[in-house]
Structure formats: C-alpha cells, structure tokens
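The lines below spell out each chain.
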2 protein chains.
Amino acid sequence: MPDRAFQDYYPDHLAWCYGCGRLNEHGYQIKTYWDGDETVTLFRPQPHHIAIPGYVYGGLLASLIDCHGTGTAAAAAYRAEGREMDTEPALRFLTASLRVDYLKPTPLGILLTLRGRILEVKGRKVTVGIKLFASAGASAEPLTANTPVTYASDGACVQGEVIAVQVPDRYVLGLL
Amino acid sequence: MPDRAFQDYYPDHLAWCYGCGRLNEHGYQIKTYWDGDETVTLFRPQPHHIAIPGYVYGGLLASLIDCHGTGTAAAAAYRAEGREMDTEPALRFLTASLRVDYLKPTPLGILLTLRGRILEVKGRKVTVGIKLFASAGASAEPLTANTPVTYASDGACVQGEVIAVQVPDRYVLGLL
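Residues numbered from 1 in each chain as written. Chains lettered and ligands numbered in written order. Predicted model: local features only at pLDDT ≥ 70, side-chain atom pairs only at ≥ 80, totals over all residues. Heavy atoms only, no water.

Draft legend 1. A look at the side chain of Gln7 of chain B. Residue and element names in this part refer to chain B. By the secondary structure assignment, Gln7 is in the segment before strand 1 (32-35). At 2.8 Å, the side chain of Gln7 forms a polar contact with the backbone nitrogen of Thr32. Dropping the residues within four chain positions of it, Gln7 is found in contact with Cys20, Arg22, Ile30, Lys31, Thr32, Cys67 and Gly71. (Helix = DSSP H or I, 4+ residues; strand = E, 2+ residues; numbered from the N terminus. Polar contact = N/O pair within 3.5 Å; in protein donor to acceptor, adjacent residues only side chain to side chain. Contact = heavy atoms within 4.5 Å.)

As structure tokens, then:
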C-alpha cells in the first residue's frame, strides 16, 4: 500500500471528522487505500466498543462503513478525473444515505477489514458498496500503511452501501 | 415522561452496549421513553463529534438511530404482549438492518431529539421508523427523565429505519 492514505490528503479544515479526520484526536482516524479497483481500511475496535459482550457495536461498524465510503468516493472522483489526490482542487465527500446490513455478529478483539467497490460515479455523487470482514488470522502488530491486508475466509460480517455527495466548494475553500 | 427509560430495564449482562448500555461508562448511554405511540430520545453530542466543523458526525447520528431503534423495538414487543418492561422474560433486540438518510446537516451544540414510530411487529422482528431533529429552542439543562421534549419547527435533519430482531433467549439468560 502507498505511504499516504486517502484521508491524509483531506484539506486541514475538512480533516476533523470523528470517523476519518486525521486532526480529530478523539476520533477513529481511519486510513483507506487503493487495492487495485477496490479500497481497503483496517481497524481494530477498542474493548468498550461492544453491542453485547464479545461482539462489536453496530454503530461503530456503521461509522466505519460511512467513512470508508466517503474516503472511497473522494479517491474515485480523483481517479475519474485522471488526477492524483495531491492535486487541486481538493475533492471531499459527505454521506447522503447509508445502508448497513448486519449479516452475523462481528467478534471483538480481531482486526477488521473493510473492502469497498465503486458502484457508480455520477456527477457529484458516488455510490460505494462495502463489505466488512473479521480477519481472525490478522497480525496484532500496530497498523501502518504497510500492514498487509488479510482476507477473511468465513465471509463478511457486515455489508453496506454509501451514497456520498461532494462537499460544496465553499466548504472546501474554507468559507465556513 | 416516566422515571425509568427503556434501557434501564435491560438485563445487566445485556446493558453494555456502547450506544445504549447503562453500564458502559465510555458509551453514549441513551435513554428512550414512550410519548403516546411514539418514542423519544434526547441527546447532546460532544464538541469532538463532528463531521465538518459546526456539524454533527453522521456516524454518531447513525448510532443514535440504531440504539433508539432497538430500544423502541423492545418496548414495542412488551407492549404487543401486553406486558410491562419490568416483567419476565426480558426482551432485548439487536439491529439486523439500518438505513439512514441525511436530509440536511445537523448543527452541533444543540440538543437533538429522536422520535420513533413502530412500523411493524412481526414475530421476533420489529421495524422502526425514526426522525432526528435539532431542537434549537431546547433547554441547556442536564437531561433527566423529566426534561421536556421540544419539537423542531424546521423539519428533520436525518431520517432512518431500523429492522431489529430479538436477541436469542440464550443470550438473555446469560448463557454466553
């Protein structure tokens, strides 16, 4: 994987999101990367992120799908324009609609892998399909950009769809 | 509103949810009550719960809708059986499917009101429709069971639907 995640390219004033903003010290700070035509995020929930003991809280899983979706949407929009993510103008997306299906309980204590696929890029709107896996054989090492992606053999725990829309230019330009 | 919220009736071993478990000291500990045939939750996000500066994080809003939905589902199931929530056996629900539509940005610093309506009770499955309002005129007083519910005049910021399923008896009985 490359050294910089999608979220590392967000403009500073749009990098405060609780789910994916690198400047939000209280947040999840997820990091998403290309893997061919798919996108990948790895995340390890904290012990208190539970629904019932032993299983991950569905609201956190929805949050991960949400921000994996907006990150993927941004990357897809740059790719559709044939641009690198370090070029101007910056593209940043927010979620218009989120759908999450909990297929089976997601066990706690295991590195989670989200994989996204771009379903549609249409104007300022991008639709992303996402699956979340609990990777039982995943490394316990700290996550870095070079952490190898592991694949679950037992199927997705959660699947979701994010319809993301590009943030209006006045926000990207900092005219809040 | 009554003194005890739906979540106050959850069995201890099923009261650890990050969104609604009264025993999870790190979590949101939402409290939901009947208001006629609708259900109500009030919640005040923290300053770091942002998507972009000034607006509430969508993942938090999805989490609130999720747990408001499961709480409402439990209350609806008791009501469908003609039982009070302090009677046995305990009924507890988890989310099978979550849909969230972000209609407009939800401003930070304002008390949020979620209102739920039961769309269907079918066997062990309950479907709940939910709207989330930013109540600009809401009291800044600490929330208690007796905090008056305020109504937004400007329409919902978010709407969602939760399909909740009853937790299998072995979990309710504590045989984890």
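Draft legend 2. Examining the nonpolar core more closely. Leu64 and Leu98 of chain A together with Leu64 and Leu98 of chain B are the most contacted members of the largest nonpolar core, which totals 95 residues. In this structure, Leu98 of chain A is in contact with Ala62, Ile65, Asp66, Glu161 and Val162 of chain A together with Ala62, Leu98, Arg99, Val100 and Tyr102 of chain B, ignoring residues within four places of it in sequence. (Core = buried A, V, L, I, M, F, W, Y, C linked by side-chain atoms within 4.5 Å. Buried < 20%, exposed > 50% of the residue type's maximum accessible area, 1.4 Å probe, protein only.)

Draft legend 3. Summary view of the sheet that holds strand 5 (residues 125-134) of chain A. One open sheet holds the 12 strands; their spatial order is 1(A)-2(A)-4(A)-5(A)-6(A)-3(A)-3(B)-6(B)-5(B)-4(B)-2(B)-1(B), and the pairing between them is antiparallel. Of all the strands in the sheet, just strand 1 (32-35) of chain A together with strand 1 of chain B have a single pairing partner and so form its edges. Taking each pair of neighbouring strands and ignoring which way they run, the sheet shows an average axis angle of 25°. With 10 bridges joining them, strand 4 (residues 112-122) of chain A and strand 5 of chain A adopt antiparallel strand pairing. Residue pairing for strand 5 of chain A: Leu112 of chain A is matched across the bridge by Ala134 of chain A. Relative to strand 3 (residues 93-102) of chain A, helix 1 (residues 58-80) of chain A is tilted by about 135°, and along the sheet it contacts strand 1, strand 2 (38-43), strand 3, strand 4, strand 5 and strand 6 (158-166) of chain A together with strand 3 (93-102) of chain B. Against the sheet, helix 1 (residues 58-80) of chain B makes contact with strand 3 of chain A together with strand 1, strand 2 (38-43), strand 3, strand 4 (112-122), strand 5 (125-134) and strand 6 (158-166) of chain B, and its axis sits at roughly 135° relative to strand 3 of chain B, the strand it touches most. (Pairing = 2+ DSSP bridges. Axes fitted to C-alpha atoms, helices over the stretch in contact; angles between N-to-C directions.)

Draft legend 4. Here's a closer look at the interface of chain A and chain B. Across the boundary between the two partners, chain A contributes 36 residues, which contact 36 residues of chain B. Carbon and sulfur atoms supply 61% of the area that chain A and chain B bury against each other, a total of about 2,800 Å² over both sides. Together, Tyr18, Ile52 and Tyr57 of chain A form the three largest contributors to the area buried by chain A at its contact with chain B, with a combined 22%. Counting across the interface, chain A meets chain B through zero salt bridges. Connecting chain A to chain B are 19 residue pairs in polar contact (both at pLDDT 80 or more). Those elements that provide at least two residues to the side of chain A that touches chain B are helix 1 and strand 3 of chain A. With nine residues, the top contributor of residues to the side of chain A that touches chain B is strand 3 of chain A. Taken together, the residues of the side of chain A that touches chain B break down into 21 nonpolar, 11 polar and four charged. (Buried area = accessible area lost by both parts, 1.4 Å probe. Salt bridge = Lys/Arg side-chain N within 4 Å of Asp/Glu carboxyl O. Nonpolar A, V, L, I, M, F, W, Y, C, P; charged D, E, K, R; others polar.)

Draft legend 5. Main features of the confidence of the model for chain A. Residue and element names in this part refer to chain A. Confidence along chain A averages 88 in pLDDT terms, with 87% of residues attaining 70 or more. Low pLDDT, under 50, characterises residues 137-154; the stretch is placed with 31 contacts to residues that sit more than four places away or in other chains. Scoring of the predicted complex yields 0.89 for pTM and 0.88 for ipTM. (pLDDT = per-residue confidence, 0-100.)

Draft legend 6. A look at the packing of aromatic side chains. Residue and element names in this part refer to chain B. Summed over all chains, the structure comprises eight aromatic pairs over all chains. Aromatic pair Tyr18 and Tyr28: ring centres 5.0 Å apart, planes at 65°, arrangement edge-to-face. Of the two residues, Tyr18 sits in the segment before strand 1 while Tyr28 sits in the segment before strand 1, which places them 10 residues apart along the sequence. A single burial state applies to Tyr18 and to Tyr28, both of which are buried. Summarising the aromatic geometry, the rings of Tyr28 and Phe43 are spaced 5.7 Å apart at their centres and angled 80° between planes, so their arrangement reads as edge-to-face. With Tyr28 in the segment before strand 1 and Phe43 in strand 2, the pair connects residues that are 15 residues apart, well separated along the chain. (Phe/Tyr/Trp six-rings, centres within 6.5 Å; stacked < 30°, edge-to-face > 60°.)

Draft legend 7. Looking closely at the side chain of Thr95 of chain B. All names here are of chain B. In this fold, Thr95 is placed in strand 3. The exposure class of Thr95 is buried, given its relative accessible area of 13%. A polar side-chain atom of Thr95 sits 2.4 Å from a polar atom in the side chain of Asp66.

Draft legend 8. Region of the structure containing helix 1 of chain A. Taking 1.5 Å as the rise per residue, helix 1 of chain A with 23 residues should run 33 Å; its terminal C-alpha atoms sit 32 Å apart, in good agreement. In terms of burial, helix 1 of chain A is largely enclosed, as 21 of its 23 residues are buried. (Expected span 1.5 Å × (residues − 1).)

Draft legend 9. View of the relation of the copies chain A and chain B. Between chain A and chain B, which share one sequence, the superposing operator has a rotation angle of 180° and an axial displacement of 0.0 Å; the RMSD is 0.0 Å. Here the copies are linked by what is in effect a two-fold axis. Across chain A, the smallest distance between a C-alpha and the rotation axis is recorded for Arg99 of chain A, namely 2.2 Å. In this assembly, 100% of the residues forming the interface of chain A have copies in chain B that are likewise at the interface, indicating an isologous arrangement. (Least-squares fit on C-alpha atoms with pLDDT ≥ 70 in both.)

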